[in-house]
Amino acid sequence: MNPLIEKESFYGAHNYAPLPVVLTRGEGVYVWDDSGKQYMDMMSAYSAVSHGHCHPQLVKALLEQANTLAMVSRAYYTDKLGTFLQKICEITGQDKALPMNTGAEAVETALKAARKWAYTVKNVPANSAEIIVCNGNFHGRTITIVSMSSEPQYRAGFGPLTTGFKQIPYGDVEALEKAITPNTAAFLVEPIQGEAGIVVPPEGYLKKCAALCRQHNVLLICDEIQTGIGRTGRFLASEHEGVKPDGVLLGKALGGGLLPVSVFLSRRDVMDVFTPGDHGSTFGGNPLAATVGLAALEVLEKENLITRAAEMGDYLMYHLRQIKSPLIDDVRGKGLLVGISINPRYHSAREFCLRLMKEGVLSKETHETVVRFAPPLIITKEQVDSVLMALKRVLAEVELKL
(Lines give C-alpha, C1' and ligand atoms only; values in the text may rest on other atoms or scores of the structure.)
Protein backbone atom coordinates (compact mmCIF):
# COMPACT_ATOMS: atom_id res chain seq x y z
CA MET A 1 0.00 0.00 0.00
CA ASN A 2 1.15 3.54 -0.75
CA PRO A 3 2.59 4.87 2.56
CA LEU A 4 0.58 8.11 2.25
CA ILE A 5 -2.64 6.13 1.83
CA GLU A 6 -1.63 3.89 4.72
CA LYS A 7 -0.97 6.88 7.00
CA GLU A 8 -4.30 8.53 6.18
CA SER A 9 -6.11 5.24 6.67
CA PHE A 10 -4.40 4.61 10.02
CA TYR A 11 -4.93 8.06 11.54
CA GLY A 12 -8.16 9.07 9.82
CA ALA A 13 -11.72 7.96 10.47
CA HIS A 14 -12.94 5.66 7.70
CA ASN A 15 -15.90 7.83 6.70
CA TYR A 16 -14.82 7.85 3.04
CA ALA A 17 -13.75 5.16 0.58
CA PRO A 18 -11.40 7.06 -1.77
CA LEU A 19 -10.01 5.64 -4.95
CA PRO A 20 -6.39 4.52 -4.38
CA VAL A 21 -4.65 7.59 -5.81
CA VAL A 22 -2.70 10.31 -3.97
CA LEU A 23 -3.12 13.70 -5.64
CA THR A 24 -0.46 16.35 -5.12
CA ARG A 25 -1.06 19.06 -7.74
CA GLY A 26 -3.78 20.48 -9.95
CA GLU A 27 -4.06 22.89 -12.85
CA GLY A 28 -7.15 23.52 -14.96
CA VAL A 29 -8.91 20.23 -15.67
CA TYR A 30 -5.84 18.16 -14.72
CA VAL A 31 -4.45 16.74 -11.49
CA TRP A 32 -1.23 14.82 -10.84
CA ASP A 33 -0.48 12.03 -8.37
CA ASP A 34 2.56 11.53 -6.17
CA SER A 35 4.33 9.62 -8.94
CA GLY A 36 3.79 12.40 -11.48
CA LYS A 37 1.00 10.71 -13.48
CA GLN A 38 -1.52 13.12 -15.01
CA TYR A 39 -5.27 12.59 -14.81
CA MET A 40 -8.32 14.33 -16.23
CA ASP A 41 -10.50 15.40 -13.31
CA MET A 42 -14.07 14.46 -14.23
CA MET A 43 -15.37 15.04 -10.71
CA SER A 44 -14.17 18.58 -9.89
CA ALA A 45 -14.77 17.86 -6.20
CA TYR A 46 -18.53 17.34 -6.64
CA SER A 47 -18.72 20.64 -8.60
CA ALA A 48 -16.61 22.62 -6.11
CA VAL A 49 -13.82 23.07 -8.68
CA SER A 50 -16.04 24.24 -11.54
CA HIS A 51 -13.56 26.98 -12.50
CA GLY A 52 -10.71 24.47 -12.75
CA HIS A 53 -7.88 23.80 -10.34
CA CYS A 54 -5.87 26.80 -9.16
CA HIS A 55 -7.53 29.31 -11.49
CA PRO A 56 -4.97 32.16 -11.70
CA GLN A 57 -7.49 34.98 -11.16
CA LEU A 58 -9.02 33.26 -8.16
CA VAL A 59 -5.65 32.42 -6.62
CA LYS A 60 -4.56 36.05 -7.16
CA ALA A 61 -7.68 37.35 -5.40
CA LEU A 62 -7.16 34.87 -2.55
CA LEU A 63 -3.52 35.82 -1.99
CA GLU A 64 -4.08 39.56 -2.19
CA GLN A 65 -6.91 39.43 0.34
CA ALA A 66 -5.06 36.97 2.59
CA ASN A 67 -2.22 39.48 2.76
CA THR A 68 -4.64 42.31 3.61
CA LEU A 69 -7.39 41.03 5.90
CA ALA A 70 -8.56 37.42 6.07
CA MET A 71 -10.73 36.96 9.14
CA VAL A 72 -12.47 39.20 11.70
CA SER A 73 -15.83 37.43 12.29
CA ARG A 74 -19.24 39.07 11.87
CA ALA A 75 -18.72 41.07 15.04
CA TYR A 76 -17.67 43.87 12.65
CA TYR A 77 -18.46 45.09 9.15
CA THR A 78 -15.88 44.63 6.41
CA ASP A 79 -15.37 46.26 3.01
CA LYS A 80 -15.89 42.97 1.14
CA LEU A 81 -19.04 41.23 2.30
CA GLY A 82 -21.65 43.73 1.11
CA THR A 83 -20.37 43.76 -2.46
CA PHE A 84 -20.30 39.96 -2.60
CA LEU A 85 -23.85 39.66 -1.23
CA GLN A 86 -25.10 42.32 -3.64
CA LYS A 87 -23.63 40.43 -6.60
CA ILE A 88 -25.09 37.06 -5.66
CA CYS A 89 -28.51 38.58 -4.93
CA GLU A 90 -28.57 40.39 -8.28
CA ILE A 91 -27.60 37.25 -10.21
CA THR A 92 -30.24 35.06 -8.53
CA GLY A 93 -32.94 37.72 -8.26
CA GLN A 94 -33.25 37.20 -4.51
CA ASP A 95 -33.57 39.99 -1.94
CA LYS A 96 -31.10 38.94 0.74
CA ALA A 97 -28.39 36.39 1.44
CA LEU A 98 -27.03 34.82 4.60
CA PRO A 99 -23.41 33.63 4.16
CA MET A 100 -22.12 30.42 5.67
CA ASN A 101 -19.26 28.04 4.83
CA THR A 102 -20.29 24.53 3.84
CA GLY A 103 -23.33 23.41 1.92
CA ALA A 104 -24.71 21.58 4.94
CA GLU A 105 -24.57 24.83 6.93
CA ALA A 106 -26.52 26.58 4.20
CA VAL A 107 -29.16 23.83 4.36
CA GLU A 108 -29.41 24.15 8.14
CA THR A 109 -29.85 27.91 7.67
CA ALA A 110 -32.69 27.35 5.22
CA LEU A 111 -34.43 24.92 7.58
CA LYS A 112 -34.26 27.41 10.45
CA ALA A 113 -35.49 30.24 8.22
CA ALA A 114 -38.41 28.16 6.89
CA ARG A 115 -39.52 27.13 10.37
CA LYS A 116 -39.33 30.60 11.88
CA TRP A 117 -41.07 32.07 8.83
CA ALA A 118 -43.85 29.51 9.26
CA TYR A 119 -44.39 30.58 12.88
CA THR A 120 -43.97 34.34 12.55
CA VAL A 121 -45.40 35.01 9.07
CA LYS A 122 -47.65 32.08 8.13
CA ASN A 123 -48.92 31.64 11.71
CA VAL A 124 -48.34 27.90 11.91
CA PRO A 125 -48.85 26.68 15.52
CA ALA A 126 -45.66 26.54 17.57
CA ASN A 127 -43.43 23.50 17.07
CA SER A 128 -45.63 21.97 14.38
CA ALA A 129 -44.06 23.23 11.13
CA GLU A 130 -43.51 20.58 8.46
CA ILE A 131 -40.90 20.53 5.72
CA ILE A 132 -41.41 18.26 2.73
CA VAL A 133 -38.41 16.57 1.10
CA CYS A 134 -37.94 13.90 -1.57
CA ASN A 135 -36.85 10.28 -1.43
CA GLY A 136 -33.31 9.99 -2.70
CA ASN A 137 -32.41 13.49 -1.54
CA PHE A 138 -28.93 14.47 -0.45
CA HIS A 139 -28.56 17.76 1.42
CA GLY A 140 -25.62 16.94 3.71
CA ARG A 141 -24.80 14.79 6.72
CA THR A 142 -25.64 16.69 9.91
CA ILE A 143 -28.01 15.01 12.38
CA THR A 144 -30.95 17.13 11.24
CA ILE A 145 -30.19 16.68 7.55
CA VAL A 146 -29.81 12.90 7.72
CA SER A 147 -33.12 12.89 9.60
CA MET A 148 -34.80 13.74 6.30
CA SER A 149 -32.79 11.25 4.23
CA SER A 150 -34.27 8.08 2.78
CA GLU A 151 -30.85 6.36 2.72
CA PRO A 152 -30.74 3.85 5.60
CA GLN A 153 -26.97 4.10 6.09
CA TYR A 154 -27.11 7.88 6.54
CA ARG A 155 -29.55 7.44 9.44
CA ALA A 156 -28.49 4.20 11.10
CA GLY A 157 -26.85 4.66 14.48
CA PHE A 158 -27.39 8.42 14.68
CA GLY A 159 -30.75 8.62 16.45
CA PRO A 160 -32.72 10.08 18.00
CA LEU A 161 -33.37 11.93 14.77
CA THR A 162 -34.96 15.32 14.17
CA THR A 163 -38.70 15.28 13.49
CA GLY A 164 -40.81 17.56 11.32
CA PHE A 165 -40.03 16.15 7.87
CA LYS A 166 -42.20 14.39 5.29
CA GLN A 167 -40.71 12.33 2.48
CA ILE A 168 -42.37 12.01 -0.91
CA PRO A 169 -41.31 10.38 -4.21
CA TYR A 170 -39.07 12.57 -6.37
CA GLY A 171 -40.62 13.83 -9.60
CA ASP A 172 -44.20 13.22 -8.40
CA VAL A 173 -46.26 16.42 -8.35
CA GLU A 174 -49.38 14.67 -7.06
CA ALA A 175 -47.44 13.35 -4.08
CA LEU A 176 -46.41 16.90 -3.22
CA GLU A 177 -49.99 18.12 -3.42
CA LYS A 178 -51.20 15.34 -1.10
CA ALA A 179 -48.40 15.99 1.40
CA ILE A 180 -49.08 19.72 1.84
CA THR A 181 -51.06 20.70 4.93
CA PRO A 182 -51.77 24.05 6.61
CA ASN A 183 -48.63 23.41 8.70
CA THR A 184 -46.32 22.97 5.71
CA ALA A 185 -43.54 25.54 5.83
CA ALA A 186 -41.43 24.55 2.83
CA PHE A 187 -40.67 22.08 0.08
CA LEU A 188 -36.90 21.49 -0.13
CA VAL A 189 -35.84 19.94 -3.43
CA GLU A 190 -32.85 19.39 -5.71
CA PRO A 191 -33.64 20.39 -9.34
CA ILE A 192 -31.50 17.37 -10.26
CA GLN A 193 -30.66 14.76 -7.64
CA GLY A 194 -26.90 14.30 -7.54
CA GLU A 195 -26.03 11.67 -4.95
CA ALA A 196 -29.05 9.60 -5.99
CA GLY A 197 -27.37 9.06 -9.35
CA ILE A 198 -27.89 12.23 -11.43
CA VAL A 199 -31.66 11.81 -11.49
CA VAL A 200 -33.44 14.30 -13.75
CA PRO A 201 -37.15 14.77 -12.96
CA PRO A 202 -39.86 14.81 -15.65
CA GLU A 203 -40.00 17.97 -17.73
CA GLY A 204 -42.21 20.59 -16.08
CA TYR A 205 -41.89 19.05 -12.62
CA LEU A 206 -40.28 22.01 -10.89
CA LYS A 207 -42.63 24.50 -12.54
CA LYS A 208 -45.68 22.58 -11.34
CA CYS A 209 -44.18 22.30 -7.85
CA ALA A 210 -43.64 26.07 -7.80
CA ALA A 211 -47.27 26.68 -8.72
CA LEU A 212 -48.45 24.34 -5.95
CA CYS A 213 -46.24 26.05 -3.41
CA ARG A 214 -47.56 29.49 -4.38
CA GLN A 215 -51.12 28.23 -4.16
CA HIS A 216 -50.64 26.93 -0.61
CA ASN A 217 -48.24 29.61 0.69
CA VAL A 218 -45.40 27.12 0.99
CA LEU A 219 -41.77 28.11 0.43
CA LEU A 220 -40.11 26.43 -2.54
CA ILE A 221 -36.45 26.07 -1.56
CA CYS A 222 -34.10 24.74 -4.24
CA ASP A 223 -30.86 23.11 -3.19
CA GLU A 224 -28.53 24.23 -5.98
CA ILE A 225 -25.32 23.51 -4.12
CA GLN A 226 -24.23 21.07 -6.83
CA THR A 227 -26.44 22.18 -9.72
CA GLY A 228 -25.91 25.94 -9.36
CA ILE A 229 -23.14 28.32 -10.47
CA GLY A 230 -23.51 27.30 -14.13
CA ARG A 231 -23.11 23.54 -13.75
CA THR A 232 -26.17 22.61 -15.85
CA GLY A 233 -25.85 25.30 -18.52
CA ARG A 234 -27.80 27.96 -16.59
CA PHE A 235 -26.66 29.84 -13.50
CA LEU A 236 -29.34 27.94 -11.57
CA ALA A 237 -30.78 24.62 -12.74
CA SER A 238 -34.23 25.93 -11.77
CA GLU A 239 -33.92 28.49 -14.59
CA HIS A 240 -34.39 25.72 -17.16
CA GLU A 241 -38.10 25.79 -16.30
CA GLY A 242 -38.33 29.51 -15.68
CA VAL A 243 -38.77 28.94 -11.94
CA LYS A 244 -37.76 31.55 -9.36
CA PRO A 245 -37.60 29.72 -6.01
CA ASP A 246 -38.53 31.39 -2.72
CA GLY A 247 -35.15 30.28 -1.40
CA VAL A 248 -31.90 29.11 -3.01
CA LEU A 249 -28.95 27.23 -1.54
CA LEU A 250 -25.52 27.75 -3.12
CA GLY A 251 -22.08 26.48 -2.19
CA LYS A 252 -19.28 24.33 -3.64
CA ALA A 253 -18.26 26.28 -6.80
CA LEU A 254 -19.00 29.55 -5.02
CA GLY A 255 -15.64 29.12 -3.29
CA GLY A 256 -13.78 28.81 -6.58
CA GLY A 257 -12.33 25.46 -5.55
CA LEU A 258 -10.24 27.25 -2.92
CA LEU A 259 -12.44 27.84 0.13
CA PRO A 260 -15.75 26.63 1.58
CA VAL A 261 -18.25 29.40 0.76
CA SER A 262 -22.03 28.97 0.90
CA VAL A 263 -25.13 31.14 1.07
CA PHE A 264 -28.83 30.84 1.67
CA LEU A 265 -30.72 33.37 -0.45
CA SER A 266 -34.37 34.27 -0.12
CA ARG A 267 -36.94 37.01 -0.33
CA ARG A 268 -37.11 39.78 2.25
CA ASP A 269 -39.98 38.50 4.40
CA VAL A 270 -38.17 35.18 4.88
CA MET A 271 -34.79 36.67 5.72
CA ASP A 272 -36.27 39.27 8.03
CA VAL A 273 -37.31 36.59 10.52
CA PHE A 274 -33.68 36.47 11.64
CA THR A 275 -32.63 38.83 14.43
CA PRO A 276 -29.16 39.18 16.01
CA GLY A 277 -28.34 35.99 17.89
CA ASP A 278 -30.78 33.76 15.97
CA HIS A 279 -28.12 32.28 13.72
CA GLY A 280 -24.50 32.77 12.82
CA SER A 281 -21.07 31.46 11.95
CA THR A 282 -17.65 32.71 13.04
CA PHE A 283 -16.21 32.13 9.58
CA GLY A 284 -19.35 32.73 7.48
CA GLY A 285 -18.96 35.83 5.32
CA ASN A 286 -15.33 36.46 6.27
CA PRO A 287 -13.51 38.90 3.95
CA LEU A 288 -11.34 36.19 2.40
CA ALA A 289 -14.38 34.07 1.53
CA ALA A 290 -16.33 37.10 0.26
CA THR A 291 -13.43 38.12 -1.96
CA VAL A 292 -13.03 34.66 -3.46
CA GLY A 293 -16.79 34.26 -3.86
CA LEU A 294 -17.07 37.53 -5.75
CA ALA A 295 -14.10 36.61 -7.94
CA ALA A 296 -15.66 33.22 -8.67
CA LEU A 297 -18.83 34.91 -9.91
CA GLU A 298 -16.85 37.40 -12.01
CA VAL A 299 -14.75 34.66 -13.64
CA LEU A 300 -17.92 32.70 -14.42
CA GLU A 301 -19.23 35.69 -16.39
CA LYS A 302 -15.95 36.83 -17.92
CA GLU A 303 -15.08 33.39 -19.31
CA ASN A 304 -18.66 32.52 -20.37
CA LEU A 305 -18.48 29.31 -18.37
CA ILE A 306 -22.25 28.88 -18.26
CA THR A 307 -22.44 28.82 -22.05
CA ARG A 308 -19.47 26.46 -22.16
CA ALA A 309 -21.20 24.12 -19.69
CA ALA A 310 -24.26 24.01 -21.93
CA GLU A 311 -22.30 23.42 -25.12
CA MET A 312 -19.79 20.92 -23.76
CA GLY A 313 -22.54 19.18 -21.83
CA ASP A 314 -24.60 18.71 -25.00
CA TYR A 315 -21.51 17.45 -26.82
CA LEU A 316 -20.59 15.00 -24.05
CA MET A 317 -24.15 13.69 -23.64
CA TYR A 318 -24.65 13.25 -27.39
CA HIS A 319 -21.49 11.18 -27.81
CA LEU A 320 -22.09 9.14 -24.65
CA ARG A 321 -25.55 8.22 -25.96
CA GLN A 322 -24.04 7.08 -29.26
CA ILE A 323 -22.04 4.41 -27.45
CA LYS A 324 -23.70 1.01 -27.71
CA SER A 325 -22.61 -1.29 -24.91
CA PRO A 326 -24.35 -3.86 -22.71
CA LEU A 327 -22.53 -2.27 -19.78
CA ILE A 328 -24.36 1.07 -20.11
CA ASP A 329 -28.00 1.09 -19.05
CA ASP A 330 -28.60 4.82 -19.29
CA VAL A 331 -26.98 8.21 -19.71
CA ARG A 332 -28.69 11.14 -18.04
CA GLY A 333 -28.03 14.65 -16.86
CA LYS A 334 -27.99 18.27 -17.91
CA GLY A 335 -25.08 20.47 -18.86
CA LEU A 336 -21.86 19.14 -17.36
CA LEU A 337 -23.61 17.08 -14.70
CA VAL A 338 -23.82 13.62 -16.23
CA GLY A 339 -24.48 10.15 -14.85
CA ILE A 340 -23.63 6.92 -16.67
CA SER A 341 -25.66 4.04 -15.27
CA ILE A 342 -23.64 0.81 -15.30
CA ASN A 343 -25.46 -2.51 -15.63
CA PRO A 344 -24.74 -4.23 -12.29
CA ARG A 345 -25.03 -7.67 -13.88
CA TYR A 346 -21.73 -7.08 -15.62
CA HIS A 347 -19.75 -4.59 -13.56
CA SER A 348 -19.80 -2.37 -10.50
CA ALA A 349 -19.52 1.37 -10.97
CA ARG A 350 -16.57 1.48 -8.57
CA GLU A 351 -14.61 -1.08 -10.55
CA PHE A 352 -15.44 0.90 -13.66
CA CYS A 353 -14.02 4.04 -12.01
CA LEU A 354 -10.86 2.12 -11.08
CA ARG A 355 -10.43 1.11 -14.71
CA LEU A 356 -10.97 4.69 -15.85
CA MET A 357 -8.35 5.79 -13.34
CA LYS A 358 -5.79 3.53 -15.02
CA GLU A 359 -6.67 5.30 -18.27
CA GLY A 360 -5.97 8.69 -16.69
CA VAL A 361 -9.57 9.72 -16.00
CA LEU A 362 -10.81 10.34 -12.46
CA SER A 363 -14.47 9.90 -11.59
CA LYS A 364 -16.37 8.45 -8.65
CA GLU A 365 -19.26 6.06 -8.35
CA THR A 366 -22.51 6.78 -6.60
CA HIS A 367 -24.64 3.97 -5.16
CA GLU A 368 -22.41 1.39 -6.91
CA THR A 369 -24.36 1.76 -10.16
CA VAL A 370 -23.61 5.22 -11.57
CA VAL A 371 -20.37 6.77 -12.80
CA ARG A 372 -20.49 10.53 -12.37
CA PHE A 373 -18.99 12.95 -14.90
CA ALA A 374 -18.89 16.56 -13.66
CA PRO A 375 -15.67 18.12 -14.96
CA PRO A 376 -14.53 21.72 -14.51
CA LEU A 377 -16.62 23.98 -16.76
CA ILE A 378 -13.46 25.09 -18.58
CA ILE A 379 -13.14 21.69 -20.28
CA THR A 380 -12.56 21.81 -24.04
CA LYS A 381 -13.95 19.70 -26.86
CA GLU A 382 -10.56 18.03 -27.32
CA GLN A 383 -10.44 17.13 -23.64
CA VAL A 384 -13.97 15.71 -23.79
CA ASP A 385 -12.87 13.64 -26.77
CA SER A 386 -9.94 12.21 -24.81
CA VAL A 387 -12.31 11.20 -21.99
CA LEU A 388 -14.65 9.53 -24.47
CA MET A 389 -11.73 7.58 -25.95
CA ALA A 390 -10.65 6.41 -22.49
CA LEU A 391 -14.22 5.36 -21.71
CA LYS A 392 -14.44 3.37 -24.94
CA ARG A 393 -11.15 1.62 -24.15
CA VAL A 394 -12.49 0.57 -20.75
CA LEU A 395 -15.75 -0.65 -22.28
CA ALA A 396 -13.89 -2.68 -24.91
CA GLU A 397 -11.61 -4.19 -22.26
CA VAL A 398 -14.53 -5.24 -20.04
CA GLU A 399 -16.71 -6.48 -22.92
CA LEU A 400 -13.96 -8.89 -23.98
CA LYS A 401 -14.45 -10.70 -20.67
CA LEU A 402 -18.27 -10.91 -20.82
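See above for the structure.
In this text the structure is predicted, and so the values were computed from the model without any measurement.

Trainee: Would you mind going over the packing of aromatic side chains in detail, with residue names and values included?
Mentor: Within a pair of aromatic rings, the relevant descriptors are the distance that separates the centres and the angle that separates the planes. Tallying each qualifying case throughout the model produces four aromatic pairs. Measuring from ring centre to ring centre gives 6.3 Å for tyrosine 30 and tryptophan 32, while their planes differ by 50°; the resulting arrangement is tilted. With 5.8 Å between their ring centres and 70° between their planes, phenylalanine 138 and tyrosine 154 make a pair best called edge-to-face. A residue pair is termed long-range when its members are at least 10 positions apart, and phenylalanine 138 in the loop between strand E5 (130-134) and helix H6 (143-146) and tyrosine 154 in helix H7 (residues 152-155) qualify at 16 residues. Exposure class is identical for phenylalanine 138 and tyrosine 154. Each is buried. Residue placement shows arginine 25 over the ring face of tryptophan 32; its charged tip is 3.9 Å from the ring centre. Over the aromatic face of tyrosine 154 sits the side chain of arginine 141, whose NZ or CZ is 4.8 Å from the ring centroid.

Trainee: Please give an account of helix H4 (residues 81-92) that cites residues and values.
Mentor: Structurally, the α-helix is built with 3.6 residues per turn, so residues lying three or four positions apart point the same way. The first and last C-alpha atoms of H4 sit 17 Å apart over 12 residues, in line with the 16 Å expected at 1.5 Å per residue. Where H4 is concerned, the buried positions are Leu81, Phe84, Leu85, Lys87, Ile88, Cys89 and Thr92. Just downstream of H4 lies glycine 93, where phi reads positive at about 75°.

Trainee: Just give me the short version of the sheet that holds strand E11 (residues 328-334), but keep the residues and values in it.
Mentor: Strand order in the open sheet formed by four strands is E11-E12-E15-E14, with antiparallel pairing between adjacent strands. Each edge of the open sheet carries a strand with a single partner, namely E11 and strand E14 (364-366). Direction aside, neighbouring strands of the sheet carry axes that sit 30° apart on average. As judged from the three bridges shared by E14 and strand E15 (residues 370-373), these two strands associate in the antiparallel manner. Note that in E15 the partner of lysine 364 across the bridge is arginine 372. Lying on the sheet, helix H12 (residues 305-322) is in contact with E11, strand E12 (337-342) and E15; it crosses E11 at an angle near 170°.

Trainee: If you had to explain H12 to someone new, which residues and values would you point to?
Mentor: In this model H12 runs 25 Å from its N-terminal to its C-terminal C-alpha over 18 residues, within 8% of the 26 Å that 1.5 Å per residue would give. Listed as buried for H12 are Leu305, Ala309, Met312, Gly313, Tyr315, Leu316, Met317 and Leu320. Buried-residue contacts for H12 involve helix H11 (287-302), E11, E12, E15 and helix H14 (381-399).

Trainee: So, the pairing of strand E2 (residues 30-33): which residues are in play, and what are the values?
Mentor: Pairing between strand E1 (residues 23-27) and E2: four bridges, direction antiparallel. Its bridge partner lying in E2, leucine 23 is registered against aspartate 33. Between the end of E1 and the start of E2, which pair antiparallel, lie two residues, with glycine 28 showing a positive phi angle near 65°. As defined by bridge partners, E2 adjoins strand E3 (residues 38-41) across three bridges and the pair is classed as antiparallel. When the bridges of E3 are listed, valine 31 appears paired with tyrosine 39. Connecting E2 to the next strand, E3, in antiparallel fashion are four residues, including glycine 36 with a positive phi near 95°.

Trainee: Outline the nonpolar core, supporting the account with residue identities and numerical values.
Mentor: Among the nonpolar cores identified, the biggest contains 67 residues, and Phe84, Leu250, Leu320 and Phe373 are the most heavily contacted of them. Of all hydrophobic cores here, the second largest spans 30 residues; its members include Ala129, Ile145, Ile225 and Leu249.

Trainee: Can you lay out the environment of isoleucine 225 for me, pointing to particular residues and giving the numbers?
Mentor: Position of isoleucine 225 among the secondary structure elements: in the loop between strand E8 (219-223) and strand E9 (247-250). Here the alpha-carbon distance between isoleucine 225 and glycine 159, two residues 66 residues apart in the chain, equals 26 Å. What isoleucine 225 contacts, discounting residues up to four positions off in sequence, is Gly103, Val107, Leu249, Leu250, Gly251 and Lys252.

Trainee: Could you give an account of unusual backbone geometry, naming the residues involved and the relevant values?
Mentor: Generally, phi is negative for residues other than glycine and the peptide bonds are trans, each holding for most cases. Omega for the bond connecting glycine 159 with proline 160 falls within 30 degrees of zero, at 0°, which places this linkage in the cis form. Checked against the element boundaries, proline 160 lands in the loop between H7 and strand E6 (165-168). The phi dihedral of serine 47 is positive, around 85°, even though this residue is not glycine. Within the secondary structure, serine 47 sits in helix H2 (residues 44-47). Residues other than glycine seldom take positive phi values, yet asparagine 304 does so here, at roughly 50°. Note that asparagine 304 resides in the loop between H11 and H12.

Criteria and thresholds
Residues numbered from 1 in each chain as written. Predicted model: local features only at pLDDT ≥ 70, side-chain atom pairs only at ≥ 80, totals over all residues. Heavy atoms only, no water. Phe/Tyr/Trp six-rings, centres within 6.5 Å; stacked < 30°, edge-to-face > 60°. Helix = DSSP H or I, 4+ residues; strand = E, 2+ residues; numbered from the N terminus. Buried < 20%, exposed > 50% of the residue type's maximum accessible area, 1.4 Å probe, protein only. Lys NZ or Arg CZ within 6 Å of the ring centre and 35° of its normal. Expected span 1.5 Å × (residues − 1). Pairing = 2+ DSSP bridges. Axes fitted to C-alpha atoms, helices over the stretch in contact; angles between N-to-C directions. Contact = heavy atoms within 4.5 Å. Core = buried A, V, L, I, M, F, W, Y, C linked by side-chain atoms within 4.5 Å.

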